[in-house]
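The primary structure of each chain is shown beneath.
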Amino acid sequence: MKTPIYLDYSATTPCDPRVVERMLPFFTETFGNSASRSHSFGWTAEAAVENAREQVAELIHAHPKEVLWTSGSTEANNLAIKGVAEMYRQKGNHLITAITEHKAVLDPMKHLESQGFEVTWLPVDGKGRVDLGQLAAALTERTLLVSLMAANNEIGTVHPLREIGKLCKQKGVLFHTDATQAPGRMELDVEAQGIDLMSLSAHKFYGPKGVGALYVRRKNPRVRLAAQMDGGGHERGMRSGTLNVTGIVGMGAAAALARTEMAGETARLRALRDRLEARLLRGFPEAVINGDIASRLPHLANVSFPYVEGESLIMGIKDLAVSSGSACTSASLEPSYVLKGLGLGDELAHSSIRFSLGRFTTEAEVDFAADRVITEAMRLRDMSPLWEMVQEGIDLSKVKWTAH
Amino acid sequence: MAYSDKVLDHYQNPRNVGAMDKNASDVGTGVVGAPECGDVMKLQIKVAADGRILDAKFKTYGCGSAIASSSLATEWLKGTTVDDAAKIKNTQIVEELALPPVKIHCSVLAEDAIKAAIEDWRQKQAAAKQNADGISGTI
Ligand SMILES: Cc1ncc(COP(=O)(O)O)c(C=O)c1O
């Protein structure tokens, strides 16, 4: 088996070779600027861009004219959130989001707060779910936008988009969803789910990095945005800048694959993920699965190994590429804000590993990974004073720690 | 994050992992850190009557640098005296393990653990002495 084994498909995915193949001519032969109107180089590029627009639109059941190219989800989120807030400033000043969103939603929201907007930060329950009653209660006459992600990137919890969309529609509030983690892993349908704006990023579904899209509803209602970048007026004035034609072609091809292969792939990934979790639990019965088991992305397992610190665990499994929600991956001593948001105890929040499987993950890799993690987690737990205390019957929550 | 070879070595082959009887009068135990900060160290020393440290053990919950810092500390403690042990500075640990700035808190924790273990042993000694004095007074 080739190591290290990549189990971090939620961080990014490799380009599918079929995607790369579609992209290659656009680097060298058909390299035109899609905005060039006076020659065939431009026309060819434009045709390719429009074809990709259709492919992305099809993935989410939208009209191609509602798809706007960006550099990725961070930009799409910024454009959606700030663009709506600035455009509709006369109408209201209130936005709603949840504490477990990606930074690319949280930080634009914080920016707006500093500009005088009001933001409601919805809490989540232990599984990462927002309370729809709480959401309904937070909607006011002054609310412009609700931004809630399709699925969480750390724990995989899937939000009930349909219900959220319905609530927003009833109150005449726009609904944006950061669907970065969703393509090819769950159904996306802007009509059925009542979505007005949706962020996508190609590199999360086997397309290239640095290209993404924002879906902007054109009818019922027509959503308008204040541009965040001024320039040549590309993308109907909402996002200026020469289009990344090669990347866009890749994103289109990736979207087509995500759509046509989703049924088979999600079933395969779910089976692999369940196999991984079952094996981990067999070898380390105290392990805890985080997220909402009933409504979760099929490829993701976020698992806490109590009394084992996440970074040290990752250090011991160098032959696996996984993510840790633990503190020390950043310079701070804080565990992941998402895990803290769930209200997990410290010994769980600091001990979580996110495994995210993908198109090229095999059963043998999953088994190998589970066994490596169990061995290392057991070794570290034997070294853990917390485990020793628990064995002695000490309640860790009652201990007076010397925080530093 | 790149780890130094010494950190990796201590992480992979930690020295002196284990526990001694924390109620024994010649054993000093220090537990420092907090689960919420992601590291807890337990360091124990067994001390001879003349103040020489006969044995040292640790258990650590924390990142690789925290494990290495406490493992190294036990190596340094064994064979030294409590007075010399009390002089161990976190900066020596930083230097020996080539810890990067974000991991300096691990070395601080190890120094705190040493101090806490010594303090625990000293308190036990004082208590034992008082007990002994008390007994001799009533006889
Ligand atoms: C949920 C979510 N939103 C936004 C982003 C940022 O996307 P991009 O890398 O395309 O800017 C990510 C990726 O890290 C993500 O997982």
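Quick look at the structure, then. Note that the coordinates shown come from a computational prediction; the quantities given were computed from them, not determined experimentally. (Residues numbered from 1 in each chain as written. Chains lettered and ligands numbered in written order. Predicted model: local features only at pLDDT ≥ 70, side-chain atom pairs only at ≥ 80, totals over all residues. Heavy atoms only, no water.)

## Some remarks on the sheet that holds strand β9 (residues 288–290) of chain A
Residues and elements named next belong to chain A. Which entries qualify depends on this criterion: What makes two strands pair is DSSP finding at least two bridges between them. Per the convention used, a helix needs a DSSP run of H or I reaching at least four residues, while a strand needs a run of E reaching at least two, with both numbered from the N terminus. Here, two residues are considered to be in contact whenever any of their heavy atoms come within 4.5 Å of each other. Orientation is described by lines fitted to C-alpha atoms, with helices fitted over the stretch in contact, and by angles between N-to-C directions that extend from 0 to 180 degrees.
As summarised here, the arrangement of the four strands in space is β9-β10-β13-β12, forming an open sheet in which the pairing is antiparallel. Each end of this open sheet is capped by a strand with a single partner; those strands are β9 and β12 (323–324). Two strands pair when backbone bridges link them, and strand β10 (residues 300–304) and strand β13 (residues 352–356) are joined in this way by five bridges, in the antiparallel orientation. Paired with Ala-301 across the bridge in β13 is Phe-355. This element, helix α8 (residues 245–283), spans β9, β10 and β13 of the sheet and lies at about 15° to β10.

## Side note on the side chain of His-105 of chain B
Applied cut-off: Contacts described as polar in this section are N or O atom pairs within 3.5 Å, which, within protein, must combine one atom able to donate a hydrogen with one able to accept it, while residues neighboring in sequence count only if both atoms come from side chains.
Structurally, His-105 of chain B can be placed in helix α5 (residues 104–138). A polar contact is formed between the side chain of His-105 of chain B and the side chain of Asp-39 of chain B, at a distance of 3.3 Å.

## As for the environment of Gly-165 of chain A
All names here are of chain A. The condition that has to hold: Accessibility here uses a 1.4 Å probe with only protein chains present; expressed as a share of the type maximum, an area under 20% marks a residue as buried, one over 50% as exposed, and anything in between as partly exposed.
Structurally, Gly-165 can be placed in helix α7 (residues 161–171). For Gly-165, a relative accessible area of 2% gives the class buried. Through-space distance from the C-alpha of Gly-165 to that of Ile-195 is 5.9 Å; in sequence the pair is 30 residues apart. Apart from the residues lying within four places of it in its own chain, the contact partners of Gly-165 are Phe-175, Gln-193 and Gly-194.

## With respect to the interface of chain A and chain B
Accessible area lost during the coming together of the parts is what is often quoted as the interface size. As a reminder, the rule being used: We define buried area as the total accessible area lost by two parts upon association, computed with a 1.4 Å probe and summed across both. The term salt bridge refers to a side-chain nitrogen of Lys or Arg lying within 4 Å of a carboxyl oxygen of Asp or Glu.
Tallying the contact residues gives 31 residues for chain A and 33 residues for chain B. Overall, the association of chain A and chain B removes approximately 2600 Å² of surface from exposure, summing both partners, and the carbon and sulfur fraction of that is 63%. Summed over the shared surface of chain A and chain B, the number is four salt bridges. Its salt-bridge partner being Lys-22 of chain B, residue Glu-392 of chain A comes within 3.2 Å of it at the nearest N-O pair. Linking chain A with chain B are 16 residue pairs in polar contact (both at pLDDT 80 or more). At the level of elements, α9 (310–316), α11 (346–349), α12 (363–382) and α13 (385–391) of chain A are the ones that each hand at least two residues to the side of chain A that touches chain B.

## Section: the environment of Phe-58 of chain B
Here Phe-58 of chain B shows up in strand β3 (residues 53–61). Spatially, the C-alpha atom of Phe-58 of chain B lies 7.0 Å from that of Thr-74 of chain B, the residues being 16 residues apart in sequence. When sequence neighbours within four positions are dropped, the list of residues in contact with Phe-58 of chain B reads Met-383 of chain A together with Pro-14, Arg-15, Asn-16, Val-17, Gly-18, Lys-42, Leu-43, Ile-67, Ser-70, Ser-71 and Thr-74 of chain B.

## Description of the packing of helix α3 (residues 40–60) of chain A against α8 of chain A
Residues and elements named next belong to chain A. Rules: Here the angle decides the label: under 35 degrees means roughly parallel, over 145 means roughly antiparallel, 65 to 115 means roughly perpendicular, and every other value means oblique. Note on convention: the crossing is left-handed when the near helix lies turned anticlockwise from the far helix by less than a right angle, right-handed when the turn is clockwise. In this classification, the charged set is Asp, Glu, Lys and Arg, the nonpolar set is Ala, Val, Leu, Ile, Met, Phe, Trp, Tyr, Cys and Pro, and all remaining amino acids, among them Gly, are polar.
Their axes nearest at 8 Å, the elements α3 and α8 cross at an angle of 30°. Taken together, the axes of α3 and α8 lie roughly parallel to each other. Judged by the sense of rotation from one axis to the other, the crossing of α3 with α8 is left-handed. Across the interface between the two elements, Ala-45, Ala-48, Val-49, Ala-52, Gln-55, Val-56, Glu-58 and Leu-59 from α3 touch Val-245, Ile-248, Val-249, Met-251, Gly-252, Ala-253, Ala-255, Ala-256, Ala-258 and Arg-259 from α8. A per-class count over the contact of α3 with α8 returns 14 nonpolar, two polar and two charged.

Read these as layout, nothing more, since geometry by itself doesn't imply function.
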